Amino acid sequence: MQTSALVPYARLPRTYHDRHVLTSTVDAFGAAHWLLTERAPEPGGDRHPFDALVVSVREDGGVEVTELSALRARFPYLDRLPDGGFVVASARARRGDADGSQVQVFDALGRETWSFTVGDAVEHLLADPSGALWVGHFDENPAGIRRWSATGELQWDCGDVPGAGWIMDCYALNVSDSVVWACPYTDFPLLEIRPDRPVRVRANTVRGAKAVAVHEGRVAFFGGYRDAQDRIAYGELTGTTVEPTGVAVLTRPDGTPVGRHRVLARGSRIHIQDEPFTAWAVWDLSG
């Protein structure tokens, strides 16, 4: 089968390799960020508020460091906001938690400015260029996909999308400039989401993809079930369907298989980070 190799993208400076990587992301403007602590969290039990460091590496190689205090997220998601601040969210919202502390918003100086709750079972949390937060849930929360302001106002809810089937697990979510693409379980349609108009649904035969990239009428799905975890499935967009055009296997830059990894998509790019999670690589559908 044809192969396609990732390209090195961003690397955590060696100065910080002695710290524990809680999570990492690539923001809507192309910068990579790592959320770091002095040591790994203790397994089990509630986590007390802790301090962390965000190390940011811009596409031009510049490095910024921001200190965040009193974080509460045990299984955190991280993203940067267009004003230079950060959002940190816990994947799980504790039952009976009424203090709205699942999501914490910090300003550019690392000071907490807002906190709120977006619901349990967060699978994706990605900020768009305007600063809105797109949240996709896994199957323990049937909310599906929602858009929130950075102050906790619910701005959009997928609800019942005609032709999309039952949306109960947001497998893949791509947040870019003015459009969001999603591929949810159970029917795996490709959803084109623009908050000011109805969701466009395209029937799709690719199952289990964990990321999707779109560029000029073409689409690529990455991942799948069992032996398809490193698969790229190509397609072309019609008005109502995704028409398959080919399949390849994605590899590391050196040609070896992609191991245990994090993955996220922005526009035409699929970003992948494998263990020890100190570097990001990229595959670009437009390249």
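Since the model is a prediction, treat every value here as computed from it, not as a measurement. (Residues numbered from 1 in each chain as written. Predicted model: local features only at pLDDT ≥ 70, side-chain atom pairs only at ≥ 80, totals over all residues. Heavy atoms only, no water.)

**Q** Is there a simple way to explain the pairing of strand 22 (residues 242-251) in this structure?
**A** Walk down a regular strand and you will see the side chains alternate between the two sheet faces. Pairing of strand 1 (residues 3-5) with strand 22 involves three bridges; the strand directions are parallel. Bridge assignment links Ser4 to a residue of strand 22, and that residue is Leu250. Sheet topology places strand 21 (residues 231-237) next to strand 22; seven bridges connect them, and they run antiparallel. Looking at the pairing, Gly235 lines up with Pro244 of strand 22. The turn joining strand 21 and strand 22, which pair antiparallel and follow one another in sequence, is formed by four residues. (Pairing = 2+ DSSP bridges. Helix = DSSP H or I, 4+ residues; strand = E, 2+ residues; numbered from the N terminus.)

**Q** Sorry, what's going on with the state of the cysteines here?
**A** Disulfide: a covalent bond connecting the sulfur atoms of a pair of cysteines. The final tally for this structure, using the stated rule, is zero disulfides. The thiol sulfur of Cys158 is not disulfide-bonded, and the nearest other cysteine sulfur, from Cys170, lies at 8.5 Å. (Disulfide = S-S within 2.5 Å.)

**Q** Explain the pattern of salt bridges to me, please; I cannot follow it from the model alone.
**A** It is possible for side chains bearing opposite charge to pair when their charged atoms get close. Under the definition given, this model contains 17 salt bridges. Note that Arg266 and Asp79 form a salt bridge whose closest N and O atoms lie 2.8 Å from each other. On the criterion of sequence distance, the pair formed by Arg266 in strand 23 (residues 261-266) and Asp79 in strand 7 (residues 76-80) is long-range, its members being 187 residues apart. By the burial criterion, Arg266 is buried, and Asp79 matches it. Of the charged contacts in the structure, one is a salt bridge between Arg92 and Glu140, with a shortest N-O distance of 2.7 Å. A residue pair is termed long-range when its members are at least 10 positions apart, and Arg92 in the loop between strand 8 (86-90) and strand 9 (103-106) and Glu140 in the loop between strand 12 (133-137) and strand 13 (145-148) qualify at 48 residues. The class for Arg92 is partly exposed, based on a relative accessible area of 33%. Residue Glu140 is classed as exposed on the basis of its relative accessible area of 52%. Bridged by salt links that share partners, the residues Arg58, Asp60, Glu64 and Arg80 form one connected network. (Salt bridge = Lys/Arg side-chain N within 4 Å of Asp/Glu carboxyl O. Buried < 20%, exposed > 50% of the residue type's maximum accessible area, 1.4 Å probe, protein only.)

Purely geometric numbers; function is a separate question.
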